[in-house]
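Summary of the model geometry
Given next are the chains, with one letter for each unit.
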Amino acid sequence: MIEVRVDDLGFFEGEAIIRPVNAMLEATTPVMRRLEQAAGPSLAAQIRLAEPLPVGAAVVTGAGDLGVELLVHGVVSNNEEAVSRGSVRMALTSALHRADAFQLKTVAIAPFGLGAGNLDLEDCADVMVAVLTEHMRRSAFPSSVVIVAETALEEQVLRSRVARSGESD
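Below: a short report on this structure. (Residues numbered from 1 in each chain as written. Predicted model: local features only at pLDDT ≥ 70, side-chain atom pairs only at ≥ 80, totals over all residues. Heavy atoms only, no water.)

1. Observations concerning the packing of helix 4 (residues 121–138) against helix 5 (residues 152–165)
Where helix 4 contacts helix 5, the two axes come as close as 9 Å, and the packing angle between them is 40°. Classed by the angle they form, the pair helix 4 and helix 5 counts as oblique. When the axes of helix 4 and helix 5 are compared, the crossing they make is right-handed. The segment helix 4 lies against helix 5, with Leu121, Glu122, Ala125, Asp126, Val129, Thr133 and Arg137 engaging Leu153, Glu154, Val157, Leu158, Arg161, Val162 and Ser165. (Axes fitted to C-alpha atoms, helices over the stretch in contact; angles between N-to-C directions. Helix = DSSP H or I, 4+ residues; strand = E, 2+ residues; numbered from the N terminus. Parallel < 35°, antiparallel > 145°, perpendicular 65-115°, else oblique. Left-handed = near helix turned anticlockwise from the far one by under 90°. Contact = heavy atoms within 4.5 Å.)

2. Observations regarding the layout of surface pockets
If you add up the space inside the largest pocket, you get close to 390 Å³. If you trace the largest pocket, you find 22 residues lining it, with Thr29, Val31, Met32, Arg34 and Glu150 closest to the centre. If you list the elements that add at least two residues to the lining of the largest pocket, you get helix 1 (30–39) and strand 6 (144–149). Examining the composition of the lining of the largest pocket, we find that 6 residues originate from one element, helix 1, more than from any other. (1 Å grid on protein atoms, 1.4 Å probe; cavity = no way out; pocket = protein on both sides within 12 Å on 5 of 7 lines; lining within 4 Å. Points joined across faces, edges and corners; volume = space filled by probe spheres on them.)

3. A short note on the environment of Val145
Note that Val145 resides in strand 6. Val145 sits in the buried class, given a relative accessible area of 0%. Sequence separation between Val145 and Ile17 is 128 residues; the distance between their C-alpha atoms is 9.7 Å. For Val145, the contacting residues outside a window of four places in its chain are Met1, Ile2, Glu3, Val107, Ile109, Leu132 and Met136. (Buried < 20%, exposed > 50% of the residue type's maximum accessible area, 1.4 Å probe, protein only.)

Following this line, the structure appears as structure tokens:
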């Protein structure tokens with residue numbers, strides 16, 4: 001089941017939050033920076049890297065002071081490779097494989113690939129919903145996904161794509 005709603009990821013109470021990051025596990029949008037701040041200093045210590053990760057990689061860390069146990073970070077860009085439909089697809093696929101490996105039943109996902117100079121909302125929604133529906137048809141975990149939109153427009157576009165996929169709540 002895929003649900004879409006406008007909410008604050010910092011208050012999500014499930015098992016994990018899946019979020020887009022750059023190759024150094026840094027936030028890609030102001031919303032993701034606020035999530036990092038809400039997680040506190042223990043998250044900051046966990047996401048320090050000596051070397052960048054490849055685009056499409058995903059890693060799992062603790063979630064600091066958030067209401068979830070884990071964060072799954074999907075790498076959508078690096079200094080040489082900008083966000084693209086392909087990088088969003090690879091990063092989200094990897095993140096969902098991590099959720100499956102950790103047997104996470106309920107996760108929240110921030111929109112992957114949005115932000116200044118990145119994908120437009122329709123491209124983001126198309127890629128995310130395609131990856132999610134394909135993964136959920138093949139894997140038991142996660143069984144419930146909440147896509148947390150920042151605006152009513154994001155919610156509307158994402159919800160329409162989910163409804164077309166047949167995976168809505």
